[in-house]
Amino acid sequence: MAEFVTPAEAARLITEGASLMVGGFMGCGTGHRVIAELARLGTGGLTLICNDASKPGGPDGSDFYGVAKLIHNRQVKKLIASHVGLNPEVAQLMNEGAIEVTLIPQGSMAEMIRAGGAGLGGVLTPTGLGTIVEDAAHVHSVVEVDGRKYLLERSLRADFAVICGYYVDKAGNVWYKGTTRNFNPVMAMAADVVIAETEHVVEIGAIEPENVVTQGILVNYVAFDGGAL
Amino acid sequence: MENAKDFIAKRVAAELKDGDTVNLGIGIPTLVPAYLPDGVTVVLQSENGMVGAGPKPAAETAQPFHVTDAGGQPATIVPGGAFIDSTTSFSLIRGGHIDCTILGALEVDGEGNLANWIIPGKRVPGMGGAMDLVVGAKKVIVAMEHTAKGAPKILKKCRLPLTAVGCVNLIITEMAVMEVKPGGLWLKEYNPLFTLEEIKNATEAELIMSPDLRKMVV
């Protein structure tokens, strides 16, 4: 059963040098409270797996939005993402040799994480064929199946995942609002410890079983501070 | 000529059919919906998790924490639309369920190769969803200005790292409409504000004159 904690308590679970999946797309759907607490703690040496590097200047008035806080604080040793172009600090840190960045096509990254959580050894995709992606470490090989070529992409897992729901019920079931869903449901399956931040905690049954997106059995901790964004 | 970007967007809009599901890249492609012909309604798919993306919201109705586009900016969804997760979004994209993707290019060549995600040593933004989109969409339209301040972008062979091999179907610029077909790049339409000589000089790839070559009409 999911344990209810504060965002600060949740952030303290994440260990130095850990691999960490964070849901969200340019910060939309990111667990901002837990990430802000993690930035405050300064836990370093992280391998961050997130669709993107977010951006400076968030709609919440922050100087660095979501995971951009961790990058700004130099807490991220390695970043695995599909796009980093809207956060200029990433290029700057790459030039300094202060961060290692692996870029993966967005659809491949989503499927690699899905495979990691689904007990699959990898994914066959035509995406990236004939490009420099073929030579990346996350690609096992080029495989031919029934006359068509594919990249065999390795599966991807992490020590921790921070996901973010709009409603989480007392059994840990998660419902996402709008476009916040993105990578959150697959990441909830692909990490050893799953922290689900939420904007609202609701009674069991308030999310109808048909509308549960991430099942409570996947969630180890629910991070809630009592307030909506 | 009016603004080149709007001119390109207008001509691209004429390629779309009523009911098409379309994914738009950043820049010129985002101007396309404003120029859809009467009677043509398309479904916009946004790779961050929307089928049926709507127009930009007014500031007072924006939901910047909950409904955004692929650039992270506030967005809306149309009635009948759906919010989806990233694996579903890219299943739609990779699985051939998107009729058309429209995107910009740094370089494109006569074999339909596309480069639009990295300039090694200079700019490394990442491919985002572009590699999946151009591999999976039924039709790939490159919408861009013909040259980069005079330097050709339509090359014999791309020099930058590729986004995908042989993926481009149509290139639409302020000068011309070109189709990638077996044998090379076919000039289908030209903007009469330019001479054929000027268009050839601005294009490194060899242009094959289409037998039904005509003026661009927007």
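See above for the structure.
Read on for an overview of the structure. (Residues numbered from 1 in each chain as written. Chains lettered and ligands numbered in written order. Predicted model: local features only at pLDDT ≥ 70, side-chain atom pairs only at ≥ 80, totals over all residues. Heavy atoms only, no water.)

### Overview of the overall build of chain A
Phase 1 of the analysis: Counting secondary structure elements, chain A contains six helices and twelve strands.
Phase 2 of the analysis: Taken against the 2.2 N^0.38 rule, which gives 17 Å for 229 residues, the C-alpha radius of gyration of chain A at 17 Å falls within 12% of a compact globule.
Phase 3 of the analysis: The principal-axis extent of the C-alpha atoms belonging to chain A is close to 50 × 45 × 30 Å.
Phase 4 of the analysis: Looking at the 229 residues of chain A, the share that counts as buried comes to 57%.
Phase 5 of the analysis: Contacts spanning at least 24 positions in sequence make up 73% of the contacts within chain A whose residues lie at least 6 apart.
Phase 6 of the analysis: Taken as a whole, chain A presents about 8800 Å² of accessible surface, with 50% of it coming from carbon and sulfur.
Phase 7 of the analysis: Once the 16 positive and 25 negative side-chain charges of chain A are each reduced to a mean point, those two points are 2 Å apart. (Helix = DSSP H or I, 4+ residues; strand = E, 2+ residues; numbered from the N terminus. Rg over C-alpha atoms; globule rule 2.2 N^0.38 Å. Buried < 20%, exposed > 50% of the residue type's maximum accessible area, 1.4 Å probe, protein only. Contact = heavy atoms within 4.5 Å. Areas by Shrake-Rupley, 256 points an atom, 1.4 Å probe, with all protein chains shown as cover. Lys, Arg positive; Asp, Glu negative; His and termini not counted. Charge placed at Lys NZ, Arg CZ, Asp CG, Glu CD.)

### A look at the layout of surface pockets
All names here are of chain A.
Phase 1 of the analysis: Quantified by volume, the second largest pocket comes out at close to 330 Å³.
Phase 2 of the analysis: For the second largest pocket, the lining is made up of 20 residues, of which Thr102, Leu103, Ile104, Ala136 and His138 are closest to its centre.
Phase 3 of the analysis: For the lining of the second largest pocket, the secondary-structure elements that each account for two or more residues are strand E4 (76–81) and strand E5 (100–103).
Phase 4 of the analysis: With three residues, the single largest contributor to the lining of the second largest pocket is E5.
Phase 5 of the analysis: Considered class by class, the residues forming the lining of the second largest pocket number 15 nonpolar, three polar and two charged. (1 Å grid on protein atoms, 1.4 Å probe; cavity = no way out; pocket = protein on both sides within 12 Å on 5 of 7 lines; lining within 4 Å. Points joined across faces, edges and corners; volume = space filled by probe spheres on them. Nonpolar A, V, L, I, M, F, W, Y, C, P; charged D, E, K, R; others polar.)

### As for the sheet that holds strand E13 (residues 176–181) of chain B
Paired through their backbone hydrogen bonds, the strands of a sheet run either parallel or antiparallel.
Residues and elements named next belong to chain B.
Phase 1 of the analysis: With respect to topology, ten strands assemble into an open sheet ordered E4-E3-E2-E1-E5-E8-E12-E13-E14-E15, the strand pairing being mixed. Here the strands that pair on one side only, and so sit at the sheet edges, are strand E4 (77–83) and strand E15 (207–215). Ignoring which end each strand starts from, the neighbouring axes of this sheet average 25 degrees apart.
Phase 2 of the analysis: As paired strands, strand E1 (residues 21–24) and strand E5 (residues 100–103) are joined by three bridges and run parallel to one another. Opposite leucine 24, over in E5, you have isoleucine 102 as the bridge partner.
Phase 3 of the analysis: Here helix H2 (residues 86–94) sits on the sheet in contact with E1, strand E2 (43–46) and strand E3 (50–53), set at roughly 125 degrees to E2. (Pairing = 2+ DSSP bridges. Axes fitted to C-alpha atoms, helices over the stretch in contact; angles between N-to-C directions.)

### Points about the state of the cysteines
What makes a disulfide is a covalent bond joining the sulfur atoms belonging to two cysteines.
Residue and element names in this part refer to chain A.
Phase 1 of the analysis: Taken as a whole, this structure holds zero disulfides over all chains when the rule is applied.
Phase 2 of the analysis: Not part of a disulfide, cysteine 50 finds its nearest cysteine sulfur in cysteine 28, a span of 12 Å.
Phase 3 of the analysis: Owing to a relative accessible area of 2%, cysteine 50 belongs among the buried residues under this scheme.
Phase 4 of the analysis: For cysteine 164, which is in no disulfide, the shortest distance to another cysteine sulfur is to cysteine 28 and amounts to 9.2 Å. (Disulfide = S-S within 2.5 Å.)

### Focus: empty space enclosed by the protein
Phase 1 of the analysis: Taken as a whole, this structure holds one cavity of 30 Å³ or more when the rule is applied.
Phase 2 of the analysis: Estimates place the volume of the largest cavity at around 70 Å³.
Phase 3 of the analysis: A:Gly29, A:Cys164, A:Thr180, A:Glu199 and B:Phe65 are, among the 13 residues lining the largest cavity, the residues nearest its centre.
Phase 4 of the analysis: With three residues, the single largest contributor to the lining of the largest cavity is strand E9 (residues 158–169) of chain A.
Phase 5 of the analysis: Residue composition of the lining of the largest cavity, by class: five nonpolar, seven polar and one charged.

### Points about the pairing of E1(B)
All names here are of chain B.
Phase 1 of the analysis: Both faces of E1 are covered, namely the face carrying Thr21 and Asn23 and the face carrying Val22 and Leu24.
Phase 2 of the analysis: The pairing of E1 with E2 spans three bridges and is classified as parallel. Paired with valine 22 across the two strands is leucine 44, which belongs to E2.

### What about unusual backbone geometry?
All names here are of chain A.
Phase 1 of the analysis: In the Ramachandran plot, arginine 74 falls in the positive-phi region, its phi being about 60 degrees despite a non-glycine side chain.
Phase 2 of the analysis: Of note, asparagine 182 is a non-glycine position whose phi angle comes to about 20 degrees, a positive value.
Phase 3 of the analysis: Tracing the chain through its elements places asparagine 182 in the loop between strand E10 (174–175) and helix H6 (184–187).
Phase 4 of the analysis: Given a relative accessible area of 0%, asparagine 182 falls into the buried group.

### Some thoughts on the interface of chain A and chain B
Phase 1 of the analysis: Counting from both sides, the interface comprises 44 residues of chain A and, opposite them, 37 residues of chain B.
Phase 2 of the analysis: Carbon and sulfur atoms make up 66% of the surface buried where chain A meets chain B, a total of about 3000 Å² over both sides.
Phase 3 of the analysis: Sorting the residues of chain A by area buried against chain B places A:Phe25, A:Gln106 and A:Thr179 first, and these three jointly supply 17% of that buried surface.
Phase 4 of the analysis: For the interface between chain A and chain B, the tally reads zero salt bridges.
Phase 5 of the analysis: Taken together, chain A and chain B are joined by 13 residue pairs in polar contact (both at pLDDT 80 or more).
Phase 6 of the analysis: Looking at the side of chain A that touches chain B, the element that brings in the most residues is helix H5 (residues 106–118) of chain A, giving six residues.
Phase 7 of the analysis: Across the side of chain A that touches chain B, the residue classes break down as 21 nonpolar, 16 polar and seven charged. (Buried area = accessible area lost by both parts, 1.4 Å probe. Salt bridge = Lys/Arg side-chain N within 4 Å of Asp/Glu carboxyl O. Polar contact = N/O pair within 3.5 Å; in protein donor to acceptor, adjacent residues only side chain to side chain.)

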